Amino acid sequence: MSDMDERAALALVGDLVDAAGDDAAVLGETVVTIDMLHETTDFPAGTTRYTAGWRAVGASLSDVAAMGAAATGAVGVYGAPAFDPEDVEAFVRGALDVCERVDTDYVGGDLDGHDEFTVATTALGETPTPVPRDGANVGEVVAVTGALGRSAAAIEAFDAGETERANELFRFVPRVRAGVALREHASAMMDSSDGLARSLHQLAEASDAGFAVESAAIPVHDALGGDDRLARATTFGEDFELVCTLPADAVAVARDALDVPLTVVGEVTERNVTMDGEALPDRGYTHGESASR
């Protein structure tokens with residue numbers, strides 16, 4: 001049997017597991033998610049262990065946010081060739097601090113020897129009405145929280161040797177509060193960890209719909225420069241903003257309830273994913289690629 005790429009493997013799992021397909025699995029009113037990050041693919045040279053703890057746990061908390069759930073806790077597995085006490089303490093402090101930012105607790109985990117620094121994190125949340133990916137309706141608008149391109153800017157800073165600035169950019173705040181506020185209005189939602197373009201394709205496939213977005217409306221992070229900043233902001237991924245669909249007449253009320261900007265970037269259509277009237281390629285982050293892209 002030939003090897004599958006990540007998306008084919010995920011599709012296989014989805015065919016076998018009925019609960020798969022959203023950012024987190026739903027068990028009653030509990031949502032649960034798990035992520036794995038590796039030094040060679042997810043933490044560029046210069047990433048501090050504090051930032052690694054923050055970012056790893058934050059990635060799982062972002063999945064909880066995408067379900068419209070309030071976070072109830074997180075755990076992690078820390079694997080490394082050796083257990084340097086300063087590294088372990090810094091990692092845990094990063095995990096504690098990102099959890100504090102979203103009013104939840106980091107409650108521990110496990111340690112294991114490994115040939116490279118590797119982290120697996122799990123986050124849990126609670127919601128009576130989880131927001132899936134498959135609820136988008138034709139005629140609704142599609143919107144994003146915050147700004148896109150923060151992680152792309154961080155990689156640029158790492159590559160330039162600006163490690164302090166790069167680490168700061170890498171420490172995003174998961175949109176848990178925004179997710180909870182949006183669940184009252186959103187028909188479909190996911191996070192943008194794979195990039196806006198790929199997220200739109202994933203939502204379109206799940207909802208059997210399409211999207212028409214306008215490039216001028218897409219919010220790009222101020223830290224991201226270059227002539228190709230829009231392309232990088234929409235395809236680089238790892239931004240952990242929320243992408244959601246909701247009725248146009250609910251946007252103003254939703255904005256009033258959020259602690260971050262909510263920008264309408266387009267509308268839900270019957271088919272195809274386009275930007276400025278042209279086909280938007282299904283491009284985005286692929287797990288296993290180098291962190292420096």
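What counts, and at which threshold
- Residues numbered from 1 in each chain as written.
- Predicted model: local features only at pLDDT ≥ 70, side-chain atom pairs only at ≥ 80, totals over all residues.
- Heavy atoms only, no water.
- UniProt positions renumbered as here; feature names shortened; annotations may be inferred.
- Helix = DSSP H or I, 4+ residues; strand = E, 2+ residues; numbered from the N terminus.
- Contact = heavy atoms within 4.5 Å.
- Polar contact = N/O pair within 3.5 Å; in protein donor to acceptor, adjacent residues only side chain to side chain.
- Salt bridge = Lys/Arg side-chain N within 4 Å of Asp/Glu carboxyl O.
- Buried < 20%, exposed > 50% of the residue type's maximum accessible area, 1.4 Å probe, protein only.
- Pairing = 2+ DSSP bridges.
- Axes fitted to C-alpha atoms, helices over the stretch in contact; angles between N-to-C directions.
- Phe/Tyr/Trp six-rings, centres within 6.5 Å; stacked < 30°, edge-to-face > 60°.
- Lys NZ or Arg CZ within 6 Å of the ring centre and 35° of its normal.
- Domains from an automatic or database assignment.
- Buried area = accessible area lost by both parts, 1.4 Å probe.

The chain carries the name Thiamine-monophosphate kinase in an unreviewed UniProt entry, which gives Halarchaeum acidiphilum MH1-52-1 as its organism. Per UniProt, the chain has the following entry under Pathway (unreviewed entry): "Cofactor biosynthesis; thiamine diphosphate biosynthesis; thiamine diphosphate from thiamine phosphate: step 1/1." Note on the chain: under the UniProt heading Function (unreviewed entry), the record states "Catalyzes the ATP-dependent phosphorylation of thiamine-monophosphate (TMP) to form thiamine-pyrophosphate (TPP), the active form of vitamin B1."

J.: Teacher, can you tell me more about the UniProt feature "binding site: Mg(2+) 2" (unreviewed entry) in the chain here?
T.: On the UniProt side, "binding site: Mg(2+) 2" (unreviewed entry) is annotated at positions that read D35 and D63 here. The named residues occupy 29 residues along the chain; their greatest pairwise C-alpha distance, 9.4 Å, places them in one compact cluster. Within the secondary structure, D35 sits in strand β2 (residues 30-38). When near neighbours in sequence (up to four residues on either side) are disregarded, D35 contacts A59, S60, D63, V119, A120 and T121. Polar contacts involving the side chain of D35 include one to the side chain of S60, which spans 2.7 Å. Inspection of the secondary structure assignment puts D63 in helix α3 (residues 49-66). Contacts of D63, omitting those with residues within four sequence positions, involve D23, A24, T33, D35 and D191.

J.: Just checking my understanding: could you explain the pattern of salt bridges for this structure?
T.: One side chain can pair with another of opposite charge once the charged atoms of both are near each other. Summed over all chains, the structure comprises eleven salt bridges. The salt bridge partner of D23 is R133, with a shortest N-O separation of 2.9 Å. Pair noted here: D23 is in the loop between α1 (6-16) and β1 (25-27) and R133 is in the loop between β5 (118-126) and β6 (141-145), with a separation of 110 residues, a long-range link. A residue is classified by how much of its surface remains accessible, and D23, at 8% relative accessible area, is buried. For R133, a relative accessible area of 16% gives the class buried. The partner of D282 in a salt bridge is R198, with the nearest N and O atoms 3.0 Å apart. You can see D282 sitting in the segment after β12 (278-279) and its partner R198 sitting in helix α8 (residues 196-207), a full 84 residues away along the chain. By relative accessible area, which is 9% here, R198 ends up buried.

J.: What is the right way to read the sheet that holds strand β10 (residues 262-269) from this model?
T.: Strands belonging to one sheet form pairs held by backbone hydrogen bonds; the direction of such a pair is parallel or antiparallel. Strand order in this open sheet of seven strands is β7-β9-β6-β10-β8-β11-β12, and the pairing throughout is mixed. The sheet terminates laterally at β7 (188-191) and β12, the two strands that pair on one side only. Bridge count between β7 and strand β9 (residues 242-246): four bridges; the pairing is antiparallel. By the bridge assignment, M190 is partnered in β9 with V243. The strands touched by α3 are β7 and β9; relative to β7, the strand with the most contacts, the crossing angle is about 175°. Strands in contact with α8 are β6, β7, β8 (210-213), β9 and β11 (273-275); relative to β7, the strand with the most contacts, it is inclined by about 145°.

J.: How should I be thinking about the packing of aromatic side chains in this particular structure?
T.: Any pair of aromatic rings gets described here by the distance separating the centres and the angle formed by the planes. Evaluated as defined, the whole model comprises eight aromatic pairs. For the ring pair Y78 and F83, a centre distance of 6.3 Å and an interplane angle of 45° mean the geometry is tilted. According to the relative accessible area criterion, Y78 is buried, its value standing at 2%. Both rings, one in F172 and one in F240, keep their centres 4.3 Å apart while their planes meet at 10°; by these two values the pair is stacked. With F172 in the loop between α6 (163-170) and α7 (176-182) and F240 in the loop between α9 (229-235) and β9, the pair connects residues that are 68 residues apart, well separated along the chain. Judged by relative accessible area, which is 4%, F172 ranks as buried. Here the aromatic residues F43, Y78, F83, F91 and F117 are joined through ring pairs into a cluster of three or more. Its guanidinium or amino end placed over the ring of F117, R49 lies 3.7 Å from that ring's centre, counting from NZ or CZ.

J.: Would you explain the domain arrangement of the chain in this entry?
T.: How big an interface is tends to be stated in terms of the accessible area lost upon association of its parts. Here the chain is described as being made up of domain 1 (6-126) and domain 2 (141-279). Of note, the centres of domain 1 and domain 2, computed from C-alpha atoms alone, are 21 Å apart. In this assembly, 29 residues from domain 1 lie in contact with 24 residues from domain 2. Regarding the contact of domain 1 and domain 2, the summed buried area is about 2200 Å², with carbon and sulfur atoms giving 56% of it. On inspection of domain 1 and its partner domain 2, the count reaches two salt bridges. Between D103 and R177 there is a salt bridge, and its shortest N-O distance comes to 3.0 Å. The interface formed by domain 1 and domain 2 contains 13 residue pairs in polar contact (both at pLDDT 80 or more). Breaking the side of domain 1 that touches domain 2 down by element, the ones donating at least two residues are α3, β3 (70-80) and α4 (85-101). The element contributing the most residues to the side of domain 1 that touches domain 2 is α3, with eleven residues.

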